[in-house]
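Next come the chains, spelled out residue by residue.
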Amino acid sequence: MSISVKDLRPSNVTPVPLSALVDGWALNSSPDWNGVEVYGVTVDSHDVAEGEVFVAIPGARAHGAQFASKAVKAGAVAVVTDRDGAELLSSEVELGVPVVEVADPRAVAAPLAARAYGNPAERMKLVGVTGTNGKTTTSFASFAALEQAGENPLIFCTAEIRLGDVSIYPERTTMEGPVIQRILALGLEQGCRSAVIEVSAHAISLHRIQGMKFDVVTFLNLQHDHLDYYHTMDNYFAAKARLCSSEFTRRAVICVDDQWGQRLAAQCDVPFVTYSAYDPQAKADWTVLEKSWDLDTISTDVVLASQSAAAPSSSVKLSVPVPGEVNVQNAVAAYLMTTWGLGLSADQVIAGIKRLSVPGRMTIMSTRDQRRPLVIVDFAHTPEALESVLRTVRELTPGRLIVVFGTDGDRDASKRPDVGRVAAENADILWVTDENPRYEDPVQVRGQLLEGIRKVRPELKDVIEVITCRRDAIREAIRSAQVADTVMITGKGNEHYQEFNGVMHPFEDTIVSAEVLDAIFPLD
Ligand SMILES: CC(=O)N[C@H]1[C@@H](OP(=O)(O)OP(=O)(O)OC[C@H]2O[C@@H](n3ccc(=O)[nH]c3=O)[C@H](O)[C@@H]2O)O[C@H](CO)[C@@H](O)[C@@H]1O[C@H](C)C(=O)N[C@@H](C)C(=O)N[C@H](CCC(=O)O)C(=O)O
Ligand SMILES: Nc1ncnc2c1ncn2[C@@H]1O[C@H](COP(=O)(O)OP(=O)(O)OP(=O)(O)O)[C@@H](O)[C@H]1O
């Protein structure tokens, strides 16, 4: 039986009276709240358990109050909503449960849930990771360090929610606030002592982590993404910067390799350390003195040194089993968060990071040998990430660099020409295909990629557009490869699906490329 997030609820909740739960946020009170006991909180009528409060949020597409009666039928014992929601409900059929009015339901959903589940986050070591790229890898590296140190962590990230033996592929990077709170509560019941949470900018803006206080967080970088939602890089930065402030954390680890990290360090109001992965001369508390990576041994090695006057000569060697320069930034962030931030022993953290594994990020599907080309699945989906990853792989490719890629529909369209341009500048042969068109016309999405490619190759030399399906693109790209070539399949990592018009079609680059490799380059 497959487990979903809906199955992850704590079993020993001490019920909280409704009046106590909403105290401080409710704009009114009513006698019919008396005797109502609450066992949890949800914002989604599809995800309600008996005794929970349904928080009806005014959304971009609908008002949650429209789904209140469905939530009540599923077991909700009260509805928390705003004035519009309350009016909508008073004009509807009798709900049969109390309606509590608050100013901003979205902002209170996570704090209400924290209260309902006994503030689980306050009883764990909490690590938060933000940045445009590298969050998942850094989260897994921090998880590995915590696991090694016996802190029994759970992890929420784009690639996986993992709690003990349970592993779920999540719909989103950062889940809704009530979902996070209840999984933390379940984690506590199962003996978890720590949690690593990948925090998207959307999660901060949409209050999914509202009320949480992390022990330590990191800011990795800010690159071109999500401008459909934020419009400007300044707005996007402001959202992410909040995670590194006293609103959400006690300490911060800031990478100052880009102007945004430098700006953040200048405004940070909690104790913080800075580091640079790229410039040994940078003005930072920690710098990387040596780094190397290898696709055959599947590793990245790093020598990190403290620049602090108090410990000028201390240096640390990290060995990271994920190849590529970008992973230097990620590994150092995880090291500093768990040692300086949480006080874990450096030896345990180093041993933990050495055992790191990250699904769908620089995953080597076949190493180069007499019979097979090197084939890698990666999740690069911004121009900067694609550029770094292609440069890394180029250095280690004696033959041609072949890339299979696309870009998402219904997400930041402004980055598409840059993704195309970067691929054309850094790879030899380009197979252009689909990622998740969602509700957009795939021809239009690919057209914007091709627009960028044409800036570098006006005649589209060595560019093949595959209009049938991604599987064909992967198969034909691998079929065309000789052993000296490298095939990079980017953009979807370990995503389990392709989304077309709201329908999720099972599809995974790692599975498809393994099947294709076995068919075209059999080992026996
Ligand atoms: C742009 C965005 O983030 N939208 C979020 C927003 O949606 P919305 O305001 O449009 O909500 P809505 O669909 O109008 O519905 C209003 C309310 O009714 C509820 N509802 C709706 C329908 C129903 O049948 N029953 C029901 O209860 C909804 O749960 C919601 O609470 O509020 C909803 C509830 O809080 C979120 O689920 C939804 O995330 C959508 C699904 C999404 O795709 N978000 C992406 C962009 C996202 O968050 N991405 C980040 C970044 C990833 C990265 O770094 O690459 C992430 O963390 O994943
Ligand atoms: N520190 C980094 N800087 C730039 N690019 C990176 C970095 N780390 C990883 N990448 C590239 O970005 C891709 C995504 O990495 P990862 O999944 O760790 O990031 P993410 O921030 O979690 O992305 P998302 O939130 O979109 O899931 C990787 O496959 C790699 O190509």
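Residues numbered from 1 in each chain as written. Chains lettered and ligands numbered in written order. Predicted model: local features only at pLDDT ≥ 70, side-chain atom pairs only at ≥ 80, totals over all residues. Heavy atoms only, no water.

1. Overview of the packing of helix α13 (residues 383–395) against helix α14 (residues 416–426)
Then, number 1: Interhelical geometry of α13 versus α14 gives an angle of 10° and a closest axis separation of 9 Å. When the axis of α13 is compared with that of α14, the two are roughly parallel. On the side of α13, the interface is formed by P383, L386, E387, L390, R391 and R394, while α14 contributes D418, V419, V422, A423 and N426. (Axes fitted to C-alpha atoms, helices over the stretch in contact; angles between N-to-C directions. Helix = DSSP H or I, 4+ residues; strand = E, 2+ residues; numbered from the N terminus. Parallel < 35°, antiparallel > 145°, perpendicular 65-115°, else oblique. Contact = heavy atoms within 4.5 Å.)

2. Some words on unusual backbone geometry
Then, number 1: In this structure, H231 is a non-glycine residue whose phi angle is positive, near 70°.
Then, number 2: Residue placement: H231 occurs in the loop between α8 (227–230) and α9 (233–241).
Then, number 3: Phi at N501 is positive, roughly 45°, even though this residue is not glycine.
Then, number 4: Relative to the assigned elements, N501 resides in the loop between β24 (497–500) and β25 (503–506).
Then, number 5: Judged by its relative accessible area of 54%, N501 falls in the exposed class. (Buried < 20%, exposed > 50% of the residue type's maximum accessible area, 1.4 Å probe, protein only.)

3. Looking at the domain arrangement of the protein chain
Then, number 1: Segmenting the protein chain into domains produces domain 1 (5–116), domain 2 (120–354) and domain 3 (363–520).
Then, number 2: Spacing between the C-alpha centres of domain 2 and domain 3 amounts to 27 Å.
Then, number 3: Between domain 2 and domain 3, the residue contacts involve 18 residues of the former and 25 residues of the latter.
Then, number 4: In total, domain 2 and domain 3 occlude about 1,700 Å² of area from one another, counting both sides; carbon and sulfur atoms represent 59% of this.
Then, number 5: A per-residue breakdown of the area domain 2 buries against domain 3 is headed by Y169, H224 and L295, which together make up 41% of the total.
Then, number 6: In this structure, the connection of domain 2 to domain 3 is made through 1 salt bridge.
Then, number 7: Salt-bridge contacts for K415 lead to D225; the nearest nitrogen and oxygen are separated by 3.0 Å.
Then, number 8: Taken together, domain 2 and domain 3 are joined by 8 residue pairs in polar contact (both at pLDDT 80 or more). (Domains from an automatic or database assignment. Buried area = accessible area lost by both parts, 1.4 Å probe. Salt bridge = Lys/Arg side-chain N within 4 Å of Asp/Glu carboxyl O. Polar contact = N/O pair within 3.5 Å; in protein donor to acceptor, adjacent residues only side chain to side chain.)

4. Notes on the environment of V288
Then, number 1: With respect to the element layout, V288 can be found in strand β15 (residues 286–294).
Then, number 2: Sequence spacing of V288 and A277 is 11 residues, and the spatial spacing of their C-alpha atoms is 5.3 Å.
Then, number 3: Dropping the residues within four chain positions of it, V288 is found in contact with S276, A277, P280, V302, V303, L304, V328 and V332.

5. Some words on the sheet that holds strand β18 (residues 363–366)
Then, number 1: Taken in spatial order, the 6 strands line up as β18-β19-β23-β20-β21-β22 in an open sheet, and their pairing is mixed. Unpaired on one side and paired on the other, β18 and β22 (463–465) mark the two borders of the sheet. With direction set aside, neighbouring strand axes in the sheet form an average angle of 20°. (Pairing = 2+ DSSP bridges.)

6. Here's the deal with the side chain of T158
Then, number 1: Checked against the element boundaries, T158 lands in the loop between β8 (153–156) and β9 (161–163).
Then, number 2: Engagement of the side chain of T158 in a polar contact is seen with the side chain of T173, the distance being 3.0 Å.
Then, number 3: Of note is the side chain of T158, whose polar atom sits 2.7 Å from the side chain of E198.
Then, number 4: Discounting residues that sit within four places of it in the chain, T158 has contacts with T136, Y169, P170, T173, E198, R361 and F379.

7. Brief notes about the site of ligand 2
Then, number 1: Taken together, 21 residues surround ligand 2, and among them K135, T136, T137, R361 and D378 come closest.
Then, number 2: Residue N133 places a side-chain N or O atom 3.4 Å away from an oxygen atom belonging to ligand 2.
Then, number 3: Q329 places a side-chain nitrogen or oxygen 2.8 Å from a nitrogen atom of ligand 2.
Then, number 4: Relative to its free-state accessible area of 620 Å², ligand 2 is covered by the protein chains to the extent of 95%.
Then, number 5: Residue assignment for the shell around ligand 2 shows that the elements contributing at least two residues are α5 (135–148), α11 (326–341) and α13.
Then, number 6: Residue classes in the shell around ligand 2 are distributed as 5 nonpolar, 12 polar and 4 charged.
Then, number 7: Both of domain 2 (120–354) and domain 3 (363–520) provide at least three residues apiece to the shell around ligand 2. (Near = heavy atom within 4 Å. Areas by Shrake-Rupley, 256 points an atom, 1.4 Å probe, with all protein chains shown as cover. Nonpolar A, V, L, I, M, F, W, Y, C, P; charged D, E, K, R; others polar.)

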